[in-house]
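Commentary on secondary and tertiary structure
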Amino acid sequence: SLAGVVIAVDGPAAAGKGTLARRLAESLGLSYLDTGLLYRATGRRLLDEGADPADPARAEAAARALTPEDLRRPDLRGPAADRAASAVAAIPAVRAALLDWQRDFGRTHGAVLDGRDIGTVVFPEAPVKLFVTASDEERARRRWLELRGRGVEADPAQVLAELRARDAQDASRATAPMKPAGDALLLDTTALDAEAAFAAAWALVRERLG
Ligand code: CDP
Ligand code: CDP
């Protein structure tokens, strides 16, 4: 039985982690948690307060005060929210404040979690870990299309530059940097649409779970 199984899906921005993780969860009857929302909601609280998202004490307090409603806010996407999320995510006390909550979620339901450090820090014992990538240009194209779908005509070069800057920050921070776990399965989706990426991931997951 899959009850209690945790699947980790990590990777850089707009690689298709969420789309894939949600589908895996549905197919396996597991819960799904988008852990990026925790950092986005924390960063958003600081923006609301007019505080610097890189302020450790304010950011920790905001992370500890998160409510389920915060995670449902409609303004958690977009360039300002992206930057604020990455800034608070570099603060060790913020990550510590969110750790138990993520672990409890996974342990209670069995779940697919997507983020940056699920396979390395949150659930290093997860039996299945995927690290989803795609070229920078393809990921920027996907994010640009998403923005357009929300009525935002962004500058493609700026979307690419912001995505690269955020990946660099996420990969270089001292605490829980974005990186594949040693036993992660790498899935390059540059040439795969969401359907093909799911099919490839499904085969890998079936193989690992036996
Ligand atoms: O969670 P993450 O930021 O990694 O990406 P996402 O929100 O799941 O996907 C970003 C966009 O890429 C969405 O509009 C997806 O439909 C699209 N996409 C995908 O998810 N997977 C592919 N293989 C190709 C495109
Ligand atoms: O959808 P996208 O990949 O652009 O971002 P996200 O997954 O919603 O994550 C937003 C930001 O939160 C990332 O740039 C990271 O700085 C941070 N994050 C993290 O540090 N650890 C996680 N497990 C999830 C997100």
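Residues numbered from 1 in each chain as written. Chains lettered and ligands numbered in written order. Predicted model: local features only at pLDDT ≥ 70, side-chain atom pairs only at ≥ 80, totals over all residues. Heavy atoms only, no water.

1. Side note on the overall build of the chain
Our working rule: Labels follow the DSSP assignment, with helices taken as runs of H or I lasting at least four residues and strands as runs of E lasting at least two, numbered in each case from the N terminus. For the radius of gyration, the atom set is restricted to C-alpha positions; the globular benchmark scales as 2.2 Å times the number of residues to the power 0.38. Any two residues whose heavy atoms approach within 4.5 Å at even a single point are treated as in contact.
A count of helices and strands for the chain gives 10 helices and five strands. A compact globule built from 210 residues would reach a C-alpha radius of gyration of about 17 Å, and the chain, at 16 Å, matches this within 12%. For the C-alpha atoms alone, the extent of the chain along its principal axes is close to 50 × 35 × 30 Å. Summarising the internal contacts of the chain: among those between residues at least 6 apart in sequence, 76% fall at separations of at least 24.

2. Quick look at the site of ligand 2
Note the threshold: Whether a residue is near a molecule or strand depends on its heavy atoms: if one lies within 4 Å, it is near. For this analysis, a polar contact is any N or O atom pair within 3.5 Å, provided that within protein one partner can donate a hydrogen and the other can accept it, and provided that sequence-adjacent residues contribute only side-chain to side-chain pairs. Accessible surface is estimated by sampling points in the Shrake-Rupley manner with a 1.4 Å probe; for residues, cover comes only from the protein chains shown. Residues are sorted three ways: Asp, Glu, Lys and Arg are charged, Ala, Val, Leu, Ile, Met, Phe, Trp, Tyr, Cys and Pro are nonpolar, and all the rest, Gly among them, are polar.
Neighbouring ligand 2 are 19 residues; Lys17, Arg40, Arg95, Arg143 and Asp170 lie closest to it. Here a nitrogen atom of ligand 2 sits 2.9 Å away from a polar atom, N or O, in the side chain of Thr35. Side-chain polar atom of Arg116 to an oxygen atom of ligand 2: 3.0 Å apart, as the coordinates give it. In isolation ligand 2 has 530 Å² of accessible area, and contact with the protein removes 97% of it. Of all the secondary structure elements, the ones that give two or more residues to the shell around ligand 2 are helix 2 (36-49), helix 5 (79-89) and helix 9 (156-172). Per-class residue counts for the shell around ligand 2 are five nonpolar, four polar and 10 charged.

3. A few points about helix 5
Basically, it comes down to this: Any residue under 20% of the maximum accessible area for its type is buried, any over 50% is exposed, and the rest in between are partly exposed; the area is computed with a 1.4 Å probe on protein chains only.
Extensive coverage of helix 5 is indicated by the burial of eight of its 11 residues. Looking at the packing, one finds that the buried side of helix 5 touches helix 2, helix 3 (56-64), helix 6 (92-109) and helix 9.

4. A look at the pairing of strand 4 (residues 128-133)
Stated formally: Strands qualify as paired when DSSP identifies two bridges or more between them.
Most of strand 4 is tucked away: five of the six residues are buried. Pairing geometry for strand 4 and strand 5 (residues 185-188), over four bridges, is parallel. Paired with Phe131 across the two strands is Leu186, which belongs to strand 5.

5. Quick notes on the pattern of salt bridges
Note the following rule: Salt bridge, as used here: a side-chain nitrogen of Lys or Arg that lies within 4 Å of a carboxyl oxygen of Asp or Glu.
Applying the stated criterion across every chain yields a total of 23 salt bridges. Arg72 is the salt-bridge partner of Glu69, the closest N and O atoms lying 3.3 Å from each other. Residue classification places Glu69 among the partly exposed residues on the basis of a relative accessible area of 48%. For Asp75, the salt bridge identified is with Arg73, shortest N-O distance 2.9 Å. Each of Asp136, Glu137, Arg139, Arg164 and Asp167 takes part in salt bridges that share partners, so that together they form one network.

6. A short note on the sheet that holds strand 2 (residues 31-34)
In sheet architecture, strand pairing relies on hydrogen bonds along the backbone and comes in two forms, parallel and antiparallel. Rules: Angles shown run from 0 to 180 degrees and are taken between the N-to-C directions of axes, each axis being a line fitted to C-alpha atoms and, for helices, limited to the stretch in contact.
Here five strands make up an open sheet; going across it, the order is 2-3-1-4-5 and the pairing parallel. The outermost strands of the open sheet, each flanked by one partner alone, are strand 2 and strand 5. Direction aside, neighbouring strands of the sheet carry axes that sit 20° apart on average. Against the sheet, helix 6 engages strand 1 (6-10), strand 2 and strand 3 (111-115), with an angle of about 165° to strand 2.

7. As for the nonpolar core
The cut-off we apply is this: We define the nonpolar core as a collection of buried residues of types Ala, Val, Leu, Ile, Met, Phe, Trp, Tyr and Cys that are connected through side-chain atoms lying within 4.5 Å of one another.
Of all hydrophobic cores here, the largest spans 20 residues; its most connected members are Ile7, Val9, Leu20, Leu24, Val112, Leu130 and Val205. If you list the elements that add at least two residues to this core, you get strand 1, helix 1 (17-28), strand 4, strand 5 and helix 10 (194-209). The biggest single contributor to this core is helix 1, with five residues. If we ignore the near neighbours within four places in the chain, the residues touching Val205 are Ile7, Leu24, Leu28, Val128 and Leu130. Counting residues in each nonpolar core, the second largest holds 19 residues, with Leu38, Ala62, Leu76 and Ile91 among its members.

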